[in-house]
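Spelled out from the first residue to the last, the chains are:
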Amino acid sequence: MLLTKYTHACVRLEKDGNVLVIDPGTFSESGEALTGAHAVLITHEHNDHIDRPALVSALRSDGGLVVHAPAGVAAALREEADVAARVHTAEPGSDFDAAGFTVRTFGGQHAVIHAQIPVVANIGYLIDDNVFHPGDSFVVPDGIEVKTLLVPIHAPWSKVGEVVDFVISVRAPRAFPVHDALLNELGRGIVEGHVRRIGARYGTSYERLDPRDSVEV
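Residues numbered from 1 in each chain as written. Predicted model: local features only at pLDDT ≥ 70, side-chain atom pairs only at ≥ 80, totals over all residues. Heavy atoms only, no water.

Focus: the pairing of strand β7 (residues 95-98)
Next, step 1: Only one face of β7 is covered, namely the face carrying F96 and A98; the face carrying D95 and D97 is uncovered.
Next, step 2: What sits between the antiparallel neighbours β7 and strand β8 (residues 101-109) is a turn of 2 residues, in which A99 has the positive phi angle 55°. (Buried < 20%, exposed > 50% of the residue type's maximum accessible area, 1.4 Å probe, protein only. Helix = DSSP H or I, 4+ residues; strand = E, 2+ residues; numbered from the N terminus. Pairing = 2+ DSSP bridges.)

Quick word on the sheet that holds strand β9 (residues 121-127)
Strand pairing in a sheet relies on backbone hydrogen bonds, with the paired strands running either antiparallel or parallel.
Next, step 1: Pairing is mixed across the open sheet formed by 7 strands, whose spatial order is β7-β8-β9-β10-β11-β12-β13. Each of the sheet's edge strands pairs with one partner strand only, and the pair in question is β7 and β13 (205-206).
Next, step 2: Pairing analysis gives 2 bridges linking strand β12 (residues 174-178) to β13, with the strands arranged parallel. For A175, the partnering residue across the bridge sits in β13 and is Y206.
Next, step 3: The sheet strands contacting helix α4 (residues 160-170) are β10 (131-133) and β11 (148-152), and the helix crosses β11 at an angle near 165°. (Contact = heavy atoms within 4.5 Å. Axes fitted to C-alpha atoms, helices over the stretch in contact; angles between N-to-C directions.)

So, empty space enclosed by the protein
Next, step 1: Counting across every chain of the model gives 1 cavity of 30 Å³ or more.
Next, step 2: In this structure, the largest cavity spans a volume of roughly 40 Å³.
Next, step 3: H46, H110, A111, V112, I113, I117, P118, V119 and V120 are the residues that line the largest cavity.
Next, step 4: Here the residues of the lining of the largest cavity sort into 7 nonpolar, 2 polar and no charged. (1 Å grid on protein atoms, 1.4 Å probe; cavity = no way out; pocket = protein on both sides within 12 Å on 5 of 7 lines; lining within 4 Å. Points joined across faces, edges and corners; volume = space filled by probe spheres on them. Nonpolar A, V, L, I, M, F, W, Y, C, P; charged D, E, K, R; others polar.)

Considerations on the packing of α4 against helix α5 (residues 185-201)
Next, step 1: Here α4 crosses α5 at 30°, and the two axes come no closer than 9 Å. Classed by the angle they form, the pair α4 and α5 counts as roughly parallel. Handedness of the α4/α5 crossing: right-handed. Touching V160, V163, V164, V167 and I168 of α4 are V191, H194, V195, I198 and G199, all from α5.
Next, step 2: Its residues placed into classes, the contact of α4 with α5 shows 8 nonpolar, 2 polar and no charged. (Parallel < 35°, antiparallel > 145°, perpendicular 65-115°, else oblique. Left-handed = near helix turned anticlockwise from the far one by under 90°.)

Details of the pairing of β12
Next, step 1: The element β12 is extensively covered by neighbouring structure, given that 4 of its 5 residues are classed as buried.
Next, step 2: Pairing analysis gives 5 bridges linking β11 to β12, with the strands arranged parallel. Following the sheet pairing, V151 is matched in β12 by P177.
Next, step 3: Of the crossover connections in this fold, the one passing from β11 over α4 to the parallel β12 is right-handed. (Right-handed = clockwise from strand over helix to strand, strands pointing away.)

Concerning the packing of aromatic side chains
Next, step 1: Under the defined criterion, the tally for this structure stands at 3 aromatic pairs.
Next, step 2: Ring pairing ties together the aromatic residues F138, W157 and F166, which thus form one cluster. (Phe/Tyr/Trp six-rings, centres within 6.5 Å; stacked < 30°, edge-to-face > 60°.)

Side note on the nonpolar core
Next, step 1: With 24 residues, the main nonpolar core has L3, L13, L20, L41, Y125 and I127 as its most contacted residues.
Next, step 2: Elements with a contribution of two residues or more to this core: β2 (11-15), β3 (18-22), β4 (39-41), β7, β8, β9 and β12.
Next, step 3: The greatest single-element share of this core, amounting to 3 residues, is contributed by β9.
Next, step 4: Counting residues in hydrophobic clusters, the runner-up holds 22 residues, among them C10, V40, V73 and V83. (Core = buried A, V, L, I, M, F, W, Y, C linked by side-chain atoms within 4.5 Å.)

Here we look at the pattern of salt bridges
Next, step 1: Enumeration according to the criterion identifies 13 salt bridges in this entry.
Next, step 2: The residue D128 makes a salt bridge to K15 at a minimum N-O spacing of 2.8 Å. Highlighted residues: D128 in the loop between β9 and β10 and K15 in strand β2, separated in sequence by 113 residues.
Next, step 3: A salt bridge links R104 to D95; the shortest N-O distance between them is 3.1 Å.
Next, step 4: What emerges from the salt-bridge pattern is a single network uniting K5, D180, E185, R188, E192 and R208. (Salt bridge = Lys/Arg side-chain N within 4 Å of Asp/Glu carboxyl O.)

Quick look at α4
Next, step 1: Looking at α4, one finds that the buried residues are V163, V164, F166, V167, I168 and V170.
Next, step 2: Looking at the buried side of α4, the elements it contacts are β10, β11 and α5.
Next, step 3: R171, located one to two residues past α4, shows a positive phi value of around 55°.

So far we have only geometry, and geometry alone does not tell us how the molecule works.
In structure tokens:
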């Protein structure tokens, strides 16, 4: 399949004429990513992972578009009565089909930012037993071998050592960045250098993708 990265956490997957978009958020080129999409997966409720106006607009423009999201996000989207029937709740530990892609879910909880900031639901998605998008968590999928890992390179809830440990725990052959909009080039170079160097020792080849870059996976 063809994977296209957009700014921050959003990716678009294309296969056999089908299009699946994950986390079109307010930091991303959401309208562009959603153009022609058949299904959307949302990992959690934070705005950098869901641009609600853009997503609702896409749902209204295309009567075939469906969305899968954690319960709270799905309930909020269903407040738009005209699109409610095409919004589905994603639960941890489930399998379903989305626009011709097989999807398996993992996790259930957003990483802790601070003790005084409430923890929200977060779903990690494995697509076609290949691409894993963890959302805002470092949950390691159990019982499967990930082929392509999307790595949250930087976040208010993480540190570099945790990013590296996530990569070497999953041990996917290939890894690409997500969740990188808060970094400047100097900071990004430091984090990616560690991920690339240490990940390689455990069999993971890390490659930078800039917004709108595409790669076959």
